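# Observations on chain architecture
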Amino acid sequence: MSEHVDSIKTYGGIWLLLLVLTGVTTAVAFVDLGAFSVVVALAIAVVKMLLVALFFMHVRHSTRLTKLVVLGGLLWLAILLTFTLADVWTRGLIGTPGR
Amino acid sequence: MANQAHAHAETLALREQFDTAEQQKDASTLGMWIFLITEIMFFGGMFLMYTVYRDTYFPVFALASSSLNAVIGAINTAVLLCSSFTMVLAVRAAQLGQRNAIIIFLILTLILGIAFLGVKAYEWNEKFQEHHVPGPTFHLEGTGEQGQAQLFFSLYFAMTGLHALHMVVGCGMLIWLLVESRKGRFTAEYMTPVDIGGLYWHFVDIIWIFLFPLLYLIDRHLGK
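Residues numbered from 1 in each chain as written. Chains lettered and ligands numbered in written order. Predicted model: local features only at pLDDT ≥ 70, side-chain atom pairs only at ≥ 80, totals over all residues.

## Quick look at the overall build of chain A
Along its length, chain A carries three helices and zero strands. Along chain A, from the amino end to the carboxyl end, the secondary structure elements read α-α-α. Taken over C-alpha atoms, the radius of gyration comes to 19 Å for chain A, far larger than the 13 Å a tight globule of 99 residues would show. Overall, chain A is about 60 × 40 × 15 Å in size when its C-alpha atoms are taken along their principal axes. By residue count, 19% of the 99 residues in chain A fall in the buried class. (Helix = DSSP H or I, 4+ residues; strand = E, 2+ residues; numbered from the N terminus. Rg over C-alpha atoms; globule rule 2.2 N^0.38 Å. Buried ≥ 20, exposed ≤ 12 C-beta atoms within 10 Å, placed from the backbone.)

As structure tokens, then:
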């Protein structure tokens, strides 16, 4: 079996990085960055998601089919979010009543 | 091929319908990911609903969000990340066929999972005492728009509640994995349930990684 076993050091490093990022995102939340607060918080969350998925969930050692399926799932989520928000966020522009 | 399959007794590591153990493992992993994607879409709908309502009732949602306890939220995030770390070590121990290590790390993961739920219960109890639970006694200080504030807390309870439900299911799964590992069912050749269980546990962790900033943090700087 071509099972890939990562070292405890790798997992430990990722774990520490995740804890540091949690600290950073919490601290930054108390600083007034205006509209960038959301951007920074989501950027950190996406980095944490990638670390968990690639290392802890072994996506980086997975088959190409599994990788494709994961990407496909994210693509469908992007469609759900983009199309709905494209509607909701532009209703004011064309003066449609009732948001 | 057919003769071979009949010659050997069917084992957990290789059932009759698969050619190789690797193929069987890949099929299980893929199946779990398909399930997790349905979960992404399920939670995605809730995140979307939250985004739309936060946009529509902005000042009140920011105020309500700031009333949550960010420090407790951060501590609970750390607890969950630690549980993911112990879970990945349990999977690693399973890959190496170290039975005792699997059991120890599964127990640690279970303890951390229960700790997360305990902190969650404490937080929810606080909401009851502060009258921040949607219903006749609801009251959020500092706004006249109690209906909009109740909408925030309805979403808060729905999303954290659904996440907690996934944690409860995860804890049940860990207990089952513990029972099976004690029987010595998992070896370096066959540890698929531990691996697949790990995928589920980390997925629930990822959901919280997004819930925490969106519910607790992004409007923190405005609400004071």
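## Section: the interface of chain B and chain A
Residue-level contacts link 39 residues of chain B with 44 residues of chain A. The element contributing the most residues to the side of chain B that touches chain A is helix H2 (residues 21-56) of chain B, with 16 residues. Here the residues of the side of chain B that touches chain A sort into 24 nonpolar, nine polar and six charged. (Contact = placed C-beta atoms within 7 Å. Nonpolar A, V, L, I, M, F, W, Y, C, P; charged D, E, K, R; others polar.)

## Overview of the confidence of the model for chain B
Across chain B, the average pLDDT comes to 92, with 95% of residues at 70 or higher. If you check the scores for this complex, the pTM reads 0.92 and the ipTM reads 0.91. (pLDDT = per-residue confidence, 0-100.)

## Observations regarding the nonpolar core
Within the largest apolar cluster, 67 residues are counted, with the highest numbers of intra-cluster contacts made by Ala 90, Ala 94, Ile 102, Phe 152, Val 194 and Ile 207 of chain B. When residues of this core are traced back to their parent elements, those giving at least two are helix H1 (8-29) and helix H2 (36-56) of chain A together with H2, helix H3 (58-66), helix H4 (70-95), helix H5 (99-129), helix H6 (146-182) and helix H7 (192-217) of chain B. Top element by residues in this core is H7 of chain B. It accounts for 17 residues. (Core = buried A, V, L, I, M, F, W, Y, C linked by C-beta atoms within 7 Å.)

## A closer look at the confidence of the model for chain A
Per-chain confidence: chain A averages 90 in pLDDT, with 92% of residues scoring 70 or above. At the level of individual helices and strands, chain A shows its lowest average pLDDT in helix H3 (residues 64-90) of chain A, which scores 94, and its highest in H1 of chain A, which scores 96.

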